[in-house]
Amino acid sequence: MVSKRKQAIEALSRLRKTYPVTGPFVEWSNPLELVIATVLSAQCTDKQVNKVTRSLFLKYKTASDYAQANLKTLEKEIYSTGFYRSKAKYLKRIGEILVEKHDGKVPDDLADLLKLPGVSNKTAYLVLAKGFGKQVGVSVDTHVKRIAPRLGLVKENIGADAISDELGKIFDPEDYLDVNEYFITHGRAVCVRVPKCDKCNLRDICEYGRLKKIR
Ligand code: SF4
C-alpha cells in the first residue's frame, strides 16, 4: 500500500490531467467581489451566485456601497441565493467593517478575514489563495468533504476544519487551491453523491472504489 501522501499526490496529478479546466466557480474581478460572492455561495450553487452578482456588482462597487445599503433592498437583490436575510446582514456588516477598519479594502490576513461575518475558514482560505496568491489552508466545501474520506485521505465523519488540517499536512501549500478546485470539479462530474466509480480513473487508488470492487 502506497503512503497516504503518495496516493494523494497521484490522485491530484490524475485529476489535473483529467480536467483541463476546473470550475465553473464564482465570478469576481477584485478581492471585494470575491469575498461577497464567496459569502453568497454558502448553501447555494456557484451558477446561481453568478446570476445574482452580475447585476449586484454593477450597483455595489465599493465596501462603502455595501455599508450604506438598504437592508430590505439588499435582501431582495440576493434573495435567490437562499438565507437572504442573514446574508444581507453579513454583506452590509462586511462593508461597514472594511470601511471602519481596513480603509475600505479587503485584508490579506487570515485573522482579519475571519473577523468578517459570514467568513469561515473555507471562505478565508479561498479569498487568500485566489485574491492574494497566499495558500494558507485547504478550503473544504461539500465536495472536498465527500471525496477526501472516500479516497481514504482523512477519517470519515470529521468536520470541515479537521479535514482541512489533515489535507494541509498531506499536500504541499502550493497545491492547496488545486486540491479544492479539482476535488470540486471531480465531485460534480464523477464522484457525485452516488459515485460513478466505474467511470473514475482514481478507482485503483481510492479506498471506497477499491472496496466496492471487492464486494
Ligand atoms: S473511485 Fe468512486 S469513490 Fe473513489 S474517487 Fe472515484 S468516484 Fe469517488
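Keep in mind the model is a prediction, meaning the values are calculated, not measured. (Residues numbered from 1 in each chain as written. Predicted model: local features only at pLDDT ≥ 70, side-chain atom pairs only at ≥ 80, totals over all residues.)

Peer 1: Even after reading the chapter, I still don't get the site of the ligand, so can you show me in this structure?
Peer 2: With respect to spatial proximity, 14 residues lie near the ligand, and among them Cys191, Cys197, Cys200, Cys206 and Gly209 are the closest. Elements with a contribution of two residues or more to the shell around the ligand: α9 (142-151) and α12 (207-214). Here the element with the most residues in the shell around the ligand is α9; it accounts for three residues. Of the residues contributing to the shell around the ligand, the split by class is ten nonpolar, one polar and three charged. (Near = placed C-beta within 6 Å. Helix = DSSP H or I, 4+ residues; strand = E, 2+ residues; numbered from the N terminus. Nonpolar A, V, L, I, M, F, W, Y, C, P; charged D, E, K, R; others polar.)

Peer 1: Just to check I follow, could you spell out the packing of helix α5 (residues 71-78) against helix α6 (residues 84-102) for this structure?
Peer 2: Angle between the axes and distance between the axes are the two parameters that describe a pair of packed helices. For the pair α5 and α6, the least separation of the axes is 9 Å and the interaxial angle reads 120°. With respect to each other, α5 and α6 are oriented oblique. The handedness of the crossing between α5 and α6 comes out as right-handed. From α5, Leu71, Leu74, Glu75 and Ile78 reach across to α6, where they touch Tyr84, Arg85, Lys87, Ala88, Lys89, Leu91 and Lys92. A per-class count over the contact of α5 with α6 returns six nonpolar, no polar and five charged. (Axes fitted to C-alpha atoms, helices over the stretch in contact; angles between N-to-C directions. Parallel < 35°, antiparallel > 145°, perpendicular 65-115°, else oblique. Left-handed = near helix turned anticlockwise from the far one by under 90°. Contact = placed C-beta atoms within 7 Å.)

Peer 1: Could you clarify how one ought to interpret the nonpolar core in this entry?
Peer 2: Across soluble globular proteins, nonpolar side chains have a tendency to be buried as a group. The biggest cluster of nonpolar side chains holds 52 residues, and the ones touching the most others in it are Val35, Ile36, Ala37, Leu91, Ile94, Val127 and Leu167. At seven residues, the largest contribution of residues to this core is made by helix α2 (residues 31-40). Here this core spans two domains, since at least three of its residues come from each of domain 1 (4-23 + 138-214) and domain 2 (31-132). (Core = buried A, V, L, I, M, F, W, Y, C linked by C-beta atoms within 7 Å. Buried ≥ 20, exposed ≤ 12 C-beta atoms within 10 Å, placed from the backbone. Domains from an automatic or database assignment.)

Peer 1: Just to check I follow, could you spell out unusual backbone geometry for this structure?
Peer 2: Only a minority of non-glycine residues have a phi that is not negative, and only a minority of peptide bonds are not trans. With an omega dihedral of 0°, the bond running from Gly23 to Pro24 counts as a cis peptide bond. Here Pro24 is to be found in the loop between α1 (4-18) and α2. One non-glycine residue, Phe83, lies in the positive phi region at around 45°. Position of Phe83 among the secondary structure elements: in the loop between α5 and α6. Unlike most non-glycine residues, Asp103 shows phi in positive territory, near 55°. Mapped onto the elements of the fold, Asp103 is located in the loop between α6 and α7 (110-114). Taking the number of C-beta atoms within 10 Å as the measure of exposure, Asp103 has 9 and is therefore exposed.

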